[in-house]
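What follows is the residue order along each chain.
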Amino acid sequence: MLISAVFRAFLEIRYHQSITDFQKGSISVTPNHPVFISRKGFLNADTLSAGMKASLLNGKRTKRVKIISINKAPESVSQVYNLKTSLGNYFANGVLVHNK
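Keep in mind that this is a model prediction, so the values were computed, not measured.

Remarks on the pairing of strand β3 (residues 34–37)
Link 1 in the chain: In the sheet, β3 pairs with strand β4 (residues 41–44) via four bridges, with the strands oriented antiparallel. Its bridge partner lying in β4, Val35 is registered against Leu43.
Link 2 in the chain: Here β3 hands over to β4 after three residues, with Arg39 in that stretch at a positive phi of 65 degrees.

Focus on the nonpolar core
Side chains of a nonpolar character, in soluble globular proteins, are inclined to be buried together.
Link 1 in the chain: Ranked by internal contacts, the top residues of the largest apolar core, which has 17 residues, are Ile13, Val35, Ile37, Leu48 and Val95.
Link 2 in the chain: Counting only elements with at least two residues in this core, the list comes to β1 (2–16), β2 (24–29), β3, β5 (53–58), β6 (61–82) and β8 (95–98).
Link 3 in the chain: Looking at this core, the element that brings in the most residues is β1, giving three residues.
Link 4 in the chain: Excluding residues within four positions of it along the chain, Val35 makes contact with Ile13, Gly41, Phe42, Leu43, Ala45, Leu48, Ala54, Val95, Leu96 and Val97.

Cut-offs used in this document
- Residues numbered from 1 in each chain as written.
- Predicted model: local features only at pLDDT ≥ 70, side-chain atom pairs only at ≥ 80, totals over all residues.
- Heavy atoms only, no water.
- Pairing = 2+ DSSP bridges.
- Helix = DSSP H or I, 4+ residues; strand = E, 2+ residues; numbered from the N terminus.
- Core = buried A, V, L, I, M, F, W, Y, C linked by side-chain atoms within 4.5 Å.
- Buried < 20%, exposed > 50% of the residue type's maximum accessible area, 1.4 Å probe, protein only.
- Contact = heavy atoms within 4.5 Å.

Nothing here speaks to function; it is geometry throughout.
Structure representation (structure tokens):
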């Protein structure tokens, strides 16, 4: 795992966790971080748009969740973690993402 404090722009991706109660969730990522999108594979966060479906961990299974908005967060100095996993994928705040 690489840890570094850098000046970065972040995107906040908001999504509905449930179609029935519209509970919302979010994840903040760097613009070039790969996020798994249904029927498209891994796409950089800065290419995502509202209406796309990401994969969310739901117990031991995943479910598709609809992205409702993507907003640029103010630039700041933040600690960033680049995780390396044996499979290349992991869940960040429940959302399926990929090693960079």
